[in-house]
Amino acid sequence: MFLMILITLFEFSLNSLQSFLENVPGLIVVIAFFTIWVGCWLPVAALLAIALNWQPHQPLPPHQKLPLLVSLYLLAPFIVWAVSWLTDTSLLDYGVIAEISMLGSVALGFSLGVLSLAFVFSWQLWLGWCKFQEFNIKQILSITSPIFLIALFVGGVEELVFRGFLFTQLEQDYQIWGAAVISSFIFAVLHLVWEQRETIPQLPGLWLMGMVLVLARFADGGKLGLAWGLHAGWVWAIATLDTAQLIEYTDQASEWVTGKNKKPLAGVAGIACLVLTGVIILLGDHILHSPTP
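Bear in mind the structure is a predicted one, so any value in this text is a computation, not a measurement.

## Quick word on the overall build of the protein chain
Part 1: Check the secondary structure of the protein chain and you find 10 helices and 2 strands.
Part 2: Counting from the amino terminus, helix and strand elements in the protein chain follow one another as α-α-α-α-β-α-α-α-α-β-α-α.
Part 3: A total of 293 residues make up the protein chain; the buried ones form 42% of that total.
Part 4: Within the protein chain, contacts between residues at least 6 apart in sequence are counted, and of these 75% link residues at least 24 apart.
Part 5: Roughly 16200 Å² of accessible area belongs to the protein chain as shown, and the carbon and sulfur atoms make up 73% of that amount.

## So, the UniProt feature "transmembrane region" (unreviewed entry) in the protein chain
Part 1: Here the UniProt-annotated "transmembrane region" (unreviewed entry) positions come out as residues 26–54, 66–86, 106–128, 140–162, 174–193 and 265–284.
Part 2: Helix makes up 100% of residues 66–86 and strand 0%. Its end C-alpha atoms lie 31 Å apart.
Part 3: When the span residues 140–162 is considered, its composition is 100% helix and 0% strand, and the gap between its end C-alpha atoms is 30 Å.

## What to know about a nonpolar patch on the surface
Part 1: A surface patch of nonpolar side chains, about 340 Å² in accessible area, is lined by L27, I28, I31 and Y174.
Part 2: For I28, the position within the fold is in helix α2 (residues 26–52).
Part 3: By relative accessible area, which is 45% here, I28 ends up partly exposed.

## A few points about the environment of S122
Part 1: On the secondary structure map, S122 appears in helix α4 (residues 100–127).
Part 2: Judged by its relative accessible area of 42%, S122 is partly exposed.
Part 3: Taking the C-alpha atoms as reference, S122 lies 9.8 Å from F132; in sequence the two are 10 residues apart.
Part 4: Here the side chain of S122 touches A118 through a polar contact of 2.6 Å, landing on its backbone oxygen.

## Considerations on the packing of aromatic side chains
Part 1: Taken as a whole and judged by the stated rule, the model has 16 aromatic pairs.
Part 2: When the centroid spacing of 4.4 Å and the interplanar angle of 40 degrees are considered together, the rings of F33 and F165 count as tilted. Highlighted residues: F33 in helix α2 and F165 in helix α5 (residues 140–170), separated in sequence by 132 residues. Accessibility assignment for this pair places F33 and F165 in one class, buried.
Part 3: In this structure, R163 packs its charged tip against the face of F187, placed 4.3 Å from the ring centre.

## So, the pattern of salt bridges
Part 1: On inspection of all chains with the given rule, the structure shows 4 salt bridges.
Part 2: The salt bridge partner of R197 is E198, with a shortest N-O separation of 3.6 Å.
Part 3: Salt-bridge contacts for E255 lead to K260; the nearest nitrogen and oxygen are separated by 2.8 Å.

## A word on the confidence of the model for the protein chain
Part 1: With 86% of its residues at a pLDDT of 70 or more, the protein chain shows a mean pLDDT of 85.
Part 2: Mean pLDDT values for the elements of the protein chain range from 46 in helix α1 (residues 2–22) up to 96 in helix α7 (residues 203–219).
Part 3: Every residue in residues 5–20 scores below 50 in pLDDT, and together they form 6 contacts with partners more than four places removed in sequence or on other chains.

## A look at unusual backbone geometry
Part 1: In this structure, Q245 takes a positive phi of about 55 degrees despite not being glycine.
Part 2: For Q245, a relative accessible area of 53% translates into the label exposed.

Basis of the calculations
Residue numbering note: each chain is counted from 1, following its sequence as written. Residue-level local features of this predicted model are given only where pLDDT is at least 70; pairs of side-chain atoms are given and counted only at 80 or more, and the full residue set underlies all totals for whole chains, interfaces and linings. Note that water and hydrogens are dropped before the side-chain values are worked out from all heavy atoms of the structure. In this description a helix means any DSSP run of H or I spanning at least four residues, a strand means any run of E spanning at least two, and both kinds are numbered starting from the N terminus. Each residue gets one of three labels from its accessible area relative to the maximum for its type: buried under 20%, exposed over 50%, partly exposed in between, using a 1.4 Å probe on protein chains only. Should any heavy atoms of two residues lie within 4.5 Å, those residues are considered in contact. Areas reported here follow the Shrake-Rupley algorithm with a probe of radius 1.4 Å; residue values treat only the protein chains shown as occluding. UniProt positions are given in the numbering used here, feature names are shortened, and annotations may be inferred rather than shown by experiment. Only residues whose relative accessible area exceeds 30% and that form no salt bridge are eligible for patches; like-charged ones are grouped when within 9 Å, while nonpolar side chains (Val, Leu, Ile, Met, Phe, Trp, Tyr) are grouped when within 5 Å. When a carboxyl oxygen of Asp or Glu is within 4 Å of a side-chain nitrogen of Lys or Arg, the pair counts as a salt bridge. We call two N or O atoms a polar contact when they sit within 3.5 Å, provided that within protein one can donate a hydrogen and the other can accept it, with sequence-adjacent residues counted only if both atoms are side-chain atoms. A pair of aromatic rings is counted whenever rings of Phe, Tyr or Trp (Trp by its six-membered ring) have centres within 6.5 Å, and the orientation is called stacked for planes under 30 degrees apart, edge-to-face for over 60 and tilted otherwise. Charges are assigned to positions over rings by a cutoff of 6 Å between ring centre and Lys NZ or Arg CZ, combined with an angular limit of 35 degrees from the ring normal. The pLDDT value expresses, per residue, how confident the predictor is, ranging between 0 and 100.

The structure is reproduced here in structure tokens:
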């Protein structure tokens, strides 16, 4: 009897909470989400920082950053699911769909991301702005698989959070492009959490990247597959080039063209890559949805 009363009270409280959350502005839900996410992660981060002997006020080396990043991102899907449950929102509304077509979209996006960067770097090589370090190519075989898995994981989680949950919530309060602008701004600014000095010059590029990924979601019929693949393709290609040190800049062009601090998104070349990708997505979407004669 006592157990039945507890269950009834729980169901009543849950229904009341869900009814209340239905009328809460999307921006408030977004703030609550990030607060809970960070709040759940901080104890884990503190333990990892102690275990890794992290020194505050110093740049995070990759071997220290990766465990912190993975622990943070592992929490995100569970919190997105919890918020969707509490707000009575289907994961389909966030662009998550368990269909084989999703894998096709991911593969297409991944290929487009890699090819767009390959095109931009090919022009830089041809113009003499950088040169290819052929003797480092043997490293690719040993690093490509782990980087590929990390790229898929990072790309998937960031798309679920920013182009899925965040954009969908903001769309309740703003017009579509308003939600796209704001979600892309938040996406860019939150990258400052890890590194400030190198990230600040990349902020315009990160914002534009967010906008292109929103466009990819539109082109994919509201699903996240194309955006996920595109994001993962960029992460994989850049991380592979950096880790294997396959590219060396010749300083024949300004770093504001090739990318300040050797970060493509902080230069005209990276912006050109994003614009090129956006144009390809728009053209592809136009061709696919044009009425047949």
